[in-house]
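# Examination of the molecular architecture
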Amino acid sequence: MVMQAREIAPAHLRSTCGSVIPLHVPRWFDRPGPEEEDVLALALPAALDVGCGPGRHTLALAARGVGCIGIDSAAGSVRMARRRGAAVLHRSIFDRLPDEGRWGSALLMDGNIGIGGDPRALLRRIGGLLRPGGRLLVELEAPGVAGRELRVQPDPHAGWLPWPPGTRFDWATVGVDDAVSLAAAAGFTLEQVWESGGRWFARMDATP
């Protein structure tokens, strides 16, 4: 069965220090909103949707005629994305991937810059996957939000999440204020930062 956004409840991650990170799970199953479509319009083919979840951005890019492969390490996400017709690989972004060094762009949406708990390492890895001049499109936290590296586990009472109960993993948050230094440390140039629909996004280009 393919789930719909209206059937899903919001959830959260909770860190070992007690911090709560909201997960906008219903949005994962909905069509991309206007603010997301503006981000997708900047994607260069072919694209990697990193932490693709149920695959809405992967599908939206395919509908635009942009070749895209989703990547997710959570088996629940991969199953759901494939049921919805998305082309998805079940593996970590840090695993061996096809066409390394030749991808045109990569997406880190819905807080996925937190994957692995080390944003610099994540961006360096993505930089190695992109072709020279490739593009990273990333969602960030609002100005004034401090970056944090956390150990988290999902809400045990959520109706649907891709991780098994009791799973713990490393996560991070990155605010707009840290975007310039993060991009530079990972070999990117921060080309654009903007707010739309109450969310913050950035375009970072790899060194040509």
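Structure first, text after, so check above.
Residues numbered from 1 in each chain as written. Predicted model: local features only at pLDDT ≥ 70, side-chain atom pairs only at ≥ 80, totals over all residues. Heavy atoms only, no water.

Evaluated as defined, the whole model comprises 14 salt bridges. Note that aspartate 110 is salt-bridged to arginine 56, the shortest N-O span being 3.0 Å. Of this pair, aspartate 110 sits in the loop between strand 6 (103-108) and helix 5 (119-129) while arginine 56 sits in helix 3 (residues 56-63), and the two are 54 residues apart along the sequence. For the pair aspartate 110 and arginine 56, a shared accessibility class is recorded, and that class is buried. A single salt-bridge network, built from bridges that share partners, covers Arg27, Glu35, Glu36, Arg56, Asp110, Glu139 and Arg199. (Salt bridge = Lys/Arg side-chain N within 4 Å of Asp/Glu carboxyl O. Helix = DSSP H or I, 4+ residues; strand = E, 2+ residues; numbered from the N terminus. Buried < 20%, exposed > 50% of the residue type's maximum accessible area, 1.4 Å probe, protein only.)

The next point concerns the side chain of asparagine 112. Assignment of secondary structure puts asparagine 112 in the loop between strand 6 and helix 5. Overall, asparagine 112 belongs to the buried group, its relative accessible area being 10%. When residues no more than four places from it in sequence are discounted, the contact partners of asparagine 112 are Val50, Gly51, Leu122 and Trp171. (Contact = heavy atoms within 4.5 Å.)

This part takes up the environment of alanine 121. Its location among the elements puts alanine 121 in helix 5. Among the residues examined, alanine 121 registers a relative accessible area of 27% and is labelled partly exposed. Once the C-alpha coordinates of alanine 121 and arginine 199 are considered, the two residues, 78 residues apart in sequence, prove to be 24 Å apart.

Turning to the packing of aromatic side chains, a few remarks are in order. Each aromatic ring pair is characterised by the separation of its centres together with the angle its planes make. This structure, assessed with the given rule, holds four aromatic pairs. With a centroid separation of 5.0 Å and an interplanar angle of 85 degrees, the aromatic rings of phenylalanine 29 and tryptophan 160 are classed as edge-to-face. You can see phenylalanine 29 sitting in the loop between helix 1 (25-28) and helix 2 (34-40) and its partner tryptophan 160 sitting in the loop between strand 8 (148-154) and strand 9 (169-173), a full 131 residues away along the chain. Between phenylalanine 169 and tryptophan 171 the ring centres are 6.0 Å apart and the planes differ by 75 degrees, which places this aromatic pair in the edge-to-face class. By the ring-pair criterion, three or more aromatic residues cluster together here, those being Trp163, Phe169 and Trp171. (Phe/Tyr/Trp six-rings, centres within 6.5 Å; stacked < 30°, edge-to-face > 60°.)

It is worth spelling out the sheet that holds strand 6 at this point. The seven strands are arranged 5-4-3-6-7-11-10 in an open sheet whose pairing can be described as mixed. A single partner strand is all that each edge strand has here, and the edge strands are strand 5 (88-90) and strand 10 (188-196). Mean inter-strand twist for the sheet, computed between neighbouring axes without regard to direction, equals 20 degrees. Sheet topology places strand 3 (residues 47-50) next to strand 6; three bridges connect them, and they run parallel. (Pairing = 2+ DSSP bridges. Axes fitted to C-alpha atoms, helices over the stretch in contact; angles between N-to-C directions.)

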